Amino acid sequence: MSGLQGVRLLLMWGCACLWLPSLAHGALVISRDHEAPQEAGGAARSLQKRSTAEATVEVYSVTVDCTVTSRFAHTVMTSKALNKANSSQEIFFEVELPKTAFITNFSMEIEGQVYVGEVKEKEKAKKQYEKAVSSGQTAGLVKASGRKMEKFSVSVNIAAKSNVTFVLTYEELLQRKLGQYEILTRVKPKSLVNEFQIVTNIYEPQGIAYVDAYATFLSNDLLPLVEKTVSDKKAHISFSPTMEQQRKCPGCDGTLIDGDFVIKYDVNRAKNLGDIQIVNGYFVHFFAPPDLPRVPKNVVFVIDVSGSMSGKKIAQTREALLTILQDLHEEDHFALIKFDHTIREWRNSLSKATKENVAEAMVYVRRIVDEGGTNINDAVLRGVKMLVKDRQEKKLPERSIDMVILLTDGMPNSGISHLPTIQQNVRSAMGGNMSMFCLGFGNDVDYSFLDVMSKQNKGLARRIYEASDAALQLQGFYEEVSSPLLLEVDLHYPDNAVDFLTTNHFDMLFNGSEIVVAGRLTDNSLDNFLVEVFGQGFEEDFKVQGQAIAVNWDAMYPEEEYIFGDFTERLWAYLTIQQLLEKSKTGSPDEKANATAKALDMSLQYSFVTPLTSMVVTKPETEDGTDSPLIADKLTEEQRQQEERANRFSSPALYTHSYSAAPTYFVDGDPHFMIELPDRDDALCFNINDKPGTIFTLVRDPDSGILVNGQIIGDKKIPPDGKINTYFWRFGIVHRTLGVRLEVSTQDISVFQDGKRVRLLWSDTASLKGPNVDLLVTKGRSLTVTLKDSVKFVILLHKVWEKHPYHRDYLGFYTLDSHLLSPSVHGLLGQFYHGIEYEVSDLRPGEVPEKPDATMYVKGQELNVTRGWQRDFRRDEKNGENVPCWFIHSNGTGLIDGDATDYVVSGLFKTI
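Thresholds, definitions, all that
Along each chain, the written sequence defines residue order, and numbers are assigned to residues from 1. Thresholds applied to this predicted model are a pLDDT of at least 70 for local features of residues and 80 or more for the giving and counting of side-chain atom pairs; totals over whole chains, interfaces and linings are not thresholded and use all residues. Hydrogen atoms and water are omitted, and side-chain values are computed over all heavy atoms in the structure. Helix numbering and strand numbering both begin at the N terminus, where a helix is a DSSP run of H or I of at least 4 residues and a strand a DSSP run of E of at least 2. By the convention used here, residues are in contact when the closest approach between their heavy atoms is within 4.5 Å. Criterion for a disulfide: a pair of cysteine sulfur atoms at a distance within 2.5 Å. Only protein chains enter the accessibility calculation, which uses a 1.4 Å probe; a residue whose area is less than 20% of its type maximum is buried, one above 50% is exposed, and one in between is partly exposed. Buried Ala, Val, Leu, Ile, Met, Phe, Trp, Tyr and Cys residues that are joined via side-chain atoms within 4.5 Å together make up what is termed a nonpolar core. Stacked, edge-to-face and tilted labels apply to pairs of Phe, Tyr and Trp rings (six-membered ring for Trp) whose centres lie within 6.5 Å, assigned for plane angles under 30 degrees, over 60, and everything in between, in that order. Whether a charge lies above a ring is judged from NZ of Lys or CZ of Arg, which has to be within 6 Å of the ring centre and within 35 degrees of the ring normal. The pairing criterion for strands is at least two bridges between them, as found by DSSP. Throughout, an axis means a line fitted to C-alpha atoms (over the contacting stretch in the case of helices), and angles, computed between N-to-C directions, take values from 0 to 180 degrees.

### Description of the overall build of the protein chain
Point 1. A count of helical and extended segments in the protein chain gives 14 helices and 54 strands.
Point 2. Contacts in the protein chain between residues far apart in sequence, at least 24 positions, make up 67% of those at least 6 positions apart.

See the structure below:
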């Protein structure tokens, strides 16, 4: 479990301005000479709060200072630590930063000696890195960390009684999405810090429209510690709790600070021309005019329904499409094309998004199921052809945008499968007249292929991560591109006044986003700096012009010591490098080579760690007289994907137990109920004991008509200890809306629908696909039940030795996709499907030494709970895997609603 991992001690963190990950993910970590975490025996050792290094290492300062100047964020993270031991120790510094940021500096100060990083061409730095690896030294690396972050890590050997200061600096241009800028701080220190401070200063000459600062962990006691001061053009936000204020309870070492700290803001947008700022010979133009009417869109959704989309992916795709369809505006036109090895259209032309058409499309979407191969080429070309035909026949509004949105999770393996040929076919068919947006679902998709194909056709690609919120990811992406305001936007500046201009033509401006153009001035005289913006609007062309006026920063912020005076130049460099890196993926070989060369030169000139450069820091000599470099790299999206693929097959961290981001709820054994809570990296468990033959309601959702009951069976006879164990041996599953009923026992599986019965045996491997339910039997092991547009259940069969004197065969019941059920779901398992709030404190010795007790605060009650283990049999059906959990005594009393007897029913398919 998070924070319970043995001898390593968490010290430092980072995110958009900061991310504080848990020990399971790493952070600033201190250990002795790469000492590996020891295998802890029992649940008690997994809850140790102190490492063997903790007493000898003191982290006395952690500071994150983020300055945002006209959307350009400059973040400095500083951490100071002292080795109080009588021997040297290896100290690891790991910090997570946004993947859109460029590291610009890293330094270490050890006993007055400063070691500063130097940005070098990646190939040159690689030789030093390879030398470090071959010599067995630890080299600093940057690795992927979740969707938005990447982890920078270094290590250094610190002599006895010595101290070290780490300083990391990175910069990024904040992107406006859905009408706001966001700075996310994930705060999970897992230990107390003497001086803990997060400070963010925001300077926006346009004027600040609003600033919100909140955190998931803020209690009434901590809320006043978030200081927010907002004036017209400046905001100051700080959070600096003392060690006592950080404590979870008086006298204990646990910290209350555990969650996300978020700052969201936007600026005033009173002018159609936008905002132009000129500082030190460089200018930046922000353009996002308010109150423009949206341009109608004609969108063809091309949906992969190949076999690899089975299960959760296809269910989440359906869920997202149902929401997206309801968000269409009536002046929009849309079409649905689903594909595997064949192509199937909902209709042979686009339909206007009337209420009637949307309702019919939703019926069609609900019937989407996975089938065969993956023919991307023909599917996309079918969508393009439909748009071209309807445009030629004047069925679409003249001032409207044509777009194709492709969602796929795999490589093309049917029809044309050569990726460059598909890209060329699509580019030729679109002819620069429409946009393509590609959504790559999961880790097996070739993201680079989709990325290039999108950029070649006025669009962009986005990765959709396999998780419980995939449907929300799809909806969020669609929301970003669903409301175009202007087409073919051109921003013009005097030719004789500027050079080295970033991209100044944009295919579209979407509602809630922002266009940013920067450049260098050749003439410092601004008497004739005329700015013009042209675009195609909903009913007429958009045109606005105006004279640029330089902002006097000293007059605007007279009391500030302005420490970021070259921000416009660095913003220009950042934006130019980002755009050159994009150009290096598309175009002719010469164009790619030129873009790469320019991006490399600028990365070196401005000391940005980009995919073309690395930062090298030479560590102090070790006792054997050798030194080794630390290398900081920048990952491409393709490298992130490769790393994530590799991580899928690596063993999980000690005491972490998670199959996916989605929680799983199950009952197995005699009978043990388990509630997994991956957001908290924790679990709750309880037993239900009753007489054999009792039937309990596990899941009941009156809104969807789903019911799951289970009946327990006892041992064959009374064991010597006099205690009869009970197990689930029979489950009844009903979906009244779909007219499906299943009876699953340790002997067989029966399906009842439309007055007919189908019987399946555990002794066979079988698959049964129906319009409303899919069943998959794995011989002698498991049954997977997938209800149409709804939840998935897995039932495990536990075979016991036939001649065992006491025990019988029994079943385990596991719930997946529980988020698809309604808020009214209940039952012994169902009541937890939408989460539960609780706190645990006062850890103390229990009756068994390896199982400590604690106090749990839940549902307004104070319970005595015990740290124990339950077994999860999904991966190892014979022995199971031990999962640490908080055990609630007395049939779950205090945790479950009411009493266990309230869940007893009179029949396998009854509700009372």
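Text resumes after the structure shown.
### Let's talk about the state of the cysteines
Point 1. Within this structure, the stated rule accounts for one disulfide.
Point 2. Put simply, cysteine 685 and cysteine 885 are joined by a disulfide, and their sulfur atoms are 2.1 Å apart. Every disulfide takes its handedness from the sign of the S-S torsion; for cysteine 685 and cysteine 885 that torsion is 60°, giving right-handed. Placement of cysteine 685 in strand β38 (residues 682–687) and of cysteine 885 in strand β53 (residues 881–888) is noted, with a sequence separation of 200 residues between them.
Point 3. You can call cysteine 885 buried: its relative accessible area is 0%.

### A few points about the nonpolar core
Point 1. Among the nonpolar cores identified, the biggest contains 58 residues, and Leu684, Leu698 and Phe813 are the most heavily contacted of them.
Point 2. Counting 57 residues, the second-largest nonpolar core is a separate cluster that includes Tyr170, Ile208, Leu222 and Met615.

### What about the packing of aromatic side chains?
Point 1. Applying the stated criterion across every chain yields a total of 28 aromatic pairs.
Point 2. Relative to tyrosine 364, the ring of tryptophan 346 lies with its centre 6.5 Å away and its plane at 40°, an arrangement referred to as tilted. With a gap of 18 residues between them, tryptophan 346 in the loop between β23 (343–345) and β24 (351–352) and tyrosine 364 in helix α5 (residues 355–366) connect regions that are remote in the sequence. Across the pair, exposure class does not vary: tryptophan 346 and tyrosine 364 are buried alike.
Point 3. A centroid spacing of 6.3 Å and a plane angle of 80° characterise the contact between phenylalanine 673 and phenylalanine 728, whose relative ring orientation is edge-to-face. You can see phenylalanine 673 sitting in strand β37 (residues 672–677) and its partner phenylalanine 728 sitting in strand β41 (residues 726–735), a full 55 residues away along the chain.
Point 4. A relative accessible area of 1% means that phenylalanine 728 is categorised as buried.
Point 5. Taking the ring centre of phenylalanine 286 as reference, the NZ or CZ of arginine 71 above it sits at 3.8 Å.

### A look at the environment of aspartate 897
Point 1. Residue placement: aspartate 897 occurs in the loop between α14 (889–892) and β54 (904–905).
Point 2. In this structure aspartate 897 comes out as partly exposed when scored by relative accessible area, which is 34%.
Point 3. As a C-alpha pair, aspartate 897 and glycine 827 span 70 residues in sequence and 8.9 Å in three-dimensional space.
Point 4. Beyond its immediate chain neighbours, meaning those up to four positions away, aspartate 897 contacts His826, Gln831, Lys859 and Tyr903.

### Regarding unusual backbone geometry
Glycine aside, the phi torsion of most residues is negative, and most peptide linkages are trans.
Point 1. The phi angle at serine 607 is positive, at roughly 55°, despite the residue not being glycine.
Point 2. Locating serine 607 in the fold gives a position in the loop between α12 (589–605) and β34 (613–618).
Point 3. Owing to a relative accessible area of 30%, serine 607 belongs among the partly exposed residues under this scheme.
Point 4. Within the chain, aspartate 842 stands out as a residue other than glycine whose phi angle is a positive 60°.
Point 5. The residue aspartate 842 is located in strand β50 (residues 838–848) in this model.

### Some words on the sheet that holds strand β30 (residues 505–510)
Point 1. In spatial order, the strands read β30-β28-β32-β33; together these four strands make up an open sheet with antiparallel pairing. One side of each edge strand has no neighbouring strand; the edge strands of this open sheet are β30 and β33 (541–547). Sheet twist, expressed as the average angle between the axes of neighbouring strands with direction ignored, equals 25°.

Fair warning: the whole summary comes from geometry, so function is off the table for now.
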